[in-house]
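Inside the fold
If you want the building blocks of each chain, they are given just below.
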Amino acid sequence: MEFGFTAADEAFRMEVRDFFQTQYPREVIDKINRGYSPSKEDYQHSERALAARGWLAVNWPREFGGTGWTANQKYIFDEELERAGALNVVPMGLLYVGPVIYTFGTDEQKKRWLPGILQSTVFWAQGYSEPGSGSDLASLQCAAVCDGDDYIVNGTKIWTSQAQHADWIFCLLRTDNAGRKQEGITFLCIDMTTPGVSVKPIVTIDGKHVLNSVEFADVRVPMANRIGEEGKGWDYANYLLGHERTSYAHVAGKRKLLREIREAASTTGDGSLAHEAAFLTRLAALEARLDALEITVLRTLASVSEGGSPGDESSILKVIATELAQDITELGAESFGYYGLISFPDSATPPWAGNTPVPAGAAPAVARYLGTRAQSIYGGSNEIQKNIIARRILKL
Ligand SMILES: Cc1cc2nc3c(=O)[nH]c(=O)nc-3n(C[C@H](O)[C@H](O)[C@H](O)COP(=O)(O)OP(=O)(O)OC[C@H]3O[C@@H](n4cnc5c(N)ncnc54)[C@H](O)[C@@H]3O)c2cc1C
């Protein structure tokens with residue numbers, strides 16, 4: 001098994017690096033660096049720059065408008081994107097529903113929905129979780145009942161990321177209560193402008209509005225919006241899960257954060273933190289864990305390139321990558337000391353802060369620390385990943 005990159009891979013890296021330096025919108029990078037939440041327009045600006053270069057649908061096969069890149073190229077692209085401080089793509093269309101549509105959808109559905117995703121003109125949300133159904137997703141109860149050529153949808157979805165920006169939502173809905181709970185679930189795409197759909201914001205501890213609850217009250221949805229067969233939605237939804245979890249590594253983004261922490265320690269206050277043994281020991285331990293994560297990612301990539309699948313091992317990546325992200329951002333927030341209490345980037349500086357010269361990185365670091373707590377919850381919580389590791393890898 002070969003770890004690392006070929007000369008052709010390294011040449012590709014230079015091409016990607018040049019793109020982010022010369023052709024990607026600088027104002028988006030600046031806004032993200034200051035810790036502000038990207039708007040829908042920022043996402044579109046970013047995604048259209050990538051689309052213009054043919055690099056938006058990185059994971060899609062070439063026949064559907066994707067890059068057709070190797071696993072190494074995809075990894076290098078992600079690394080360079082994060083190194084530049086650019087925006088990750090909104091995953092709901094490009095990573096989640098797009099592949100489900102081109103794999104299981106009809107030709108009509110592909111023609112109808114794929115172009116909007118590829119041109120970043122149509123935004124999607126993912127309607128899986130419900131107030132009583134998260135880890136045990138198959139227990140979901142939001143229902144779709146047949147009525148002529150339509151379904152009538154009633155119920156509530158929650159923690160729906162970016163639903164306030166979404167034009168469409170893809171949902172797992174209950175169409176049958178008999179038999180195994182996984183068997184009565186149907187995959188339906190719903191136009192967010194349909195009468196009866198309402199979105200309520202949920203503001204999180206980092207001061208940001210990303211999450212929502214989405215309510216459906218007698219929402220009429222044409223059967224033509226169903227992907228695949230009724231009752232088979234669970235199979236379609238699970239299709240790409242293993243591949244998705246490898247995308248949590250974000251090695252280059254973590255290296256960037258560690259560099260920023262080192263810098264903040266020497267420029268905040270009298271800069272003495274940068275020489276404290278306890279701080280340096282924590283920083284070194286995080287750097288060592290990041291090196292270990294990178295080797296684990298490269299090992300997974302090598303097995304994918306040799307025709308394997310990341311499979312259950314991607315659960316290991318998910319756990320170590322998200323725990324490391326939480327520990328790095330914790331040190332990041334601490335390295336700004338009390339300056340971190342001043343304000344979140346998205347809210348006004350409170351009057352009591354007066355003219356205090358707050359280091360530029362302080363507010364983003366604290367918002368990042370708080371926001372990163374969610375990483376061990378979404379995408380299948382880390383406890384659930386540990387169950388998978390115990391059962392399927394360790395055979396306990
Ligand atoms: C920032 C964020 C964005 C999200 N975006 C979306 C989205 O766009 N669309 C969407 O559909 N959902 C989204 N989610 C929801 C997410 O998928 C769920 O929060 C997640 O699956 C956990 O479900 P839950 O919140 O209902 O917690 P629960 O399932 O109730 O779990 C509560 C706790 O119990 C633990 N637990 C549960 N079952 C077990 C078990 N069998 N063994 C051991 N421990 C267990 C969990 O690990 C957790 O610590 C998002 C969540 C967050 C935080």
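The model shown is predicted, which means the values in this text are computed figures rather than measured ones.

Here's the deal with the overall build of the protein chain
Looking only at helices and strands, the protein chain features 13 helices and seven strands. Its C-alpha atoms give the protein chain a radius of gyration of 22 Å, near enough to 21 Å, the size a compact globule of 396 residues would have. Within the span of the protein chain, comprising 396 residues, buried residues form 46% of the whole. Counting contacts in the protein chain only where the partners sit at least 6 residues apart, residues at least 24 apart contribute 72% of the total. With 39 positive and 49 negative side-chain charges, the protein chain shows a spacing of 1 Å between the two charge centroids.

Quick word on the domain arrangement of the protein chain
Assigned domains within the protein chain: domain 1 (7-89), domain 2 (124-231) and domain 3 (241-393). Taking only C-alpha atoms into account, the centre of domain 1 sits 30 Å from that of domain 2. Taken residue by residue, the interface counts five residues in domain 1 and four residues in domain 2. The junction of domain 1 with domain 2 conceals about 350 Å² of combined surface from both sides, 33% of it contributed by carbon and sulfur atoms. Sorting the residues of domain 1 by area buried against domain 2 places Ser-37, Lys-40 and Tyr-43 first, and these three jointly supply 86% of that buried surface. Seen at the junction of domain 1 and domain 2, the total is one salt bridge. For Asp-167, the salt bridge identified is with Lys-40, shortest N-O distance 3.9 Å.

Considerations on the pattern of salt bridges
Considering all chains together, one arrives at 23 salt bridges under this definition. Taking the shortest distance from any N to any O, the salt bridge between Glu-80 and Arg-83 comes out at 4.0 Å. Here Glu-80 and its partner Arg-83 are both found in helix 4 (residues 71-84), three residues apart, which amounts to about one turn of the helix. Owing to a relative accessible area of 39%, Arg-83 belongs among the partly exposed residues under this scheme. Measuring nitrogen to oxygen at the nearest pair gives 2.8 Å for the salt bridge that ties Glu-334 to Arg-282. Placement of Glu-334 in helix 11 (residues 314-334) and of Arg-282 in helix 10 (residues 277-305) is noted, with a sequence separation of 52 residues between them. We classify Glu-334 as partly exposed; its relative accessible area is 42%. For Arg-282, a relative accessible area of 35% puts it in the partly exposed group. One connected set of salt bridges, linked through shared partners, spans Glu-10, Arg-13, Arg-17, Glu-79, Glu-80 and Arg-83.

Observations concerning the packing of helix 11 against helix 12 (residues 362-372)
Look at helix 11 against helix 12: their axes get within 8 Å of each other, and the N-to-C directions meet at 150°. Judged by the inter-axis angle, helix 11 sits roughly antiparallel to helix 12. Our pair here, helix 11 against helix 12, has a crossing hand that is left-handed. Packed against helix 11, whose contacting residues are Ala-325, Gln-326, Thr-329, Glu-330, Gly-332 and Ala-333, the element helix 12 presents Ala-365, Val-366, Arg-368, Tyr-369 and Thr-372 at the interface. Along the lines of polarity and charge, the residues of the contact of helix 11 with helix 12 split into five nonpolar, four polar and two charged.

A short note on unusual backbone geometry
At Ser-120, a position not held by glycine, the phi torsion is positive, near 55°. Structurally, Ser-120 can be placed in the loop between helix 6 (107-118) and strand 1 (124-127). Note on Ser-120: relative accessible area 2%, which makes it buried.

Some words on the site of the ligand
As a matter of local geometry, the ligand sits amid 16 residues, with Ser-129, Ser-135, Trp-159, Ser-381 and Glu-383 nearest to it. At 2.6 Å, a side-chain N or O of Ser-135 approaches an oxygen atom of the ligand. Coverage of the ligand by the protein amounts to 63% of the 970 Å² it exposes when considered alone. At three residues, the largest contribution of residues to the shell around the ligand is made by helix 13 (residues 382-393). Both domains that meet at the shell around the ligand, namely domain 2 (124-231) and domain 3 (241-393), each give it at least three residues.

Examining the environment of Phe-19
Relative to the elements of secondary structure, Phe-19 occurs in helix 1 (residues 7-22). Sequence separation of Phe-19 and Arg-53 is 34 residues, and the distance between their C-alpha atoms is 8.7 Å.

Topic: the pairing of strand 7 (residues 209-222)
Inspection of the sheet shows strand 3 (residues 150-158) paired to strand 7 by eight bridges, in the antiparallel sense. From the neighbouring strand, Thr-156 faces strand 7, where its bridge partner is Glu-215. Relative to strand 7, strand 6 (residues 197-203) is paired through seven bridges, and the arrangement is antiparallel. For Val-197, the partnering residue across the bridge sits in strand 7 and is Phe-216. Taking the residues that link successive antiparallel strands as the turn, the strand 6-strand 7 hairpin has five residues, and the phi of Gly-207 there is positive, at about 85°.

Here's the deal with the side chain of Asp-9
Secondary-structure assignment places Asp-9 in helix 1. No salt bridge forms around the buried Asp-9; measuring N to O, its nearest opposite-charge neighbour Arg-13 is 7.8 Å away. At 3.0 Å, the side chain of Asp-9 and the side chain of Asn-72 are in polar contact. Residue contacts for Asp-9: discarding those within four places in its chain leaves Asn-72, Gln-73 and Ile-76.

Rules of the game
- Residues numbered from 1 in each chain as written.
- Predicted model: local features only at pLDDT ≥ 70, side-chain atom pairs only at ≥ 80, totals over all residues.
- Heavy atoms only, no water.
- Helix = DSSP H or I, 4+ residues; strand = E, 2+ residues; numbered from the N terminus.
- Rg over C-alpha atoms; globule rule 2.2 N^0.38 Å.
- Buried < 20%, exposed > 50% of the residue type's maximum accessible area, 1.4 Å probe, protein only.
- Contact = heavy atoms within 4.5 Å.
- Lys, Arg positive; Asp, Glu negative; His and termini not counted.
- Charge placed at Lys NZ, Arg CZ, Asp CG, Glu CD.
- Domains from an automatic or database assignment.
- Buried area = accessible area lost by both parts, 1.4 Å probe.
- Salt bridge = Lys/Arg side-chain N within 4 Å of Asp/Glu carboxyl O.
- Axes fitted to C-alpha atoms, helices over the stretch in contact; angles between N-to-C directions.
- Parallel < 35°, antiparallel > 145°, perpendicular 65-115°, else oblique.
- Left-handed = near helix turned anticlockwise from the far one by under 90°.
- Nonpolar A, V, L, I, M, F, W, Y, C, P; charged D, E, K, R; others polar.
- Near = heavy atom within 4 Å.
- Polar contact = N/O pair within 3.5 Å; in protein donor to acceptor, adjacent residues only side chain to side chain.
- Areas by Shrake-Rupley, 256 points an atom, 1.4 Å probe, with all protein chains shown as cover.
- Pairing = 2+ DSSP bridges.

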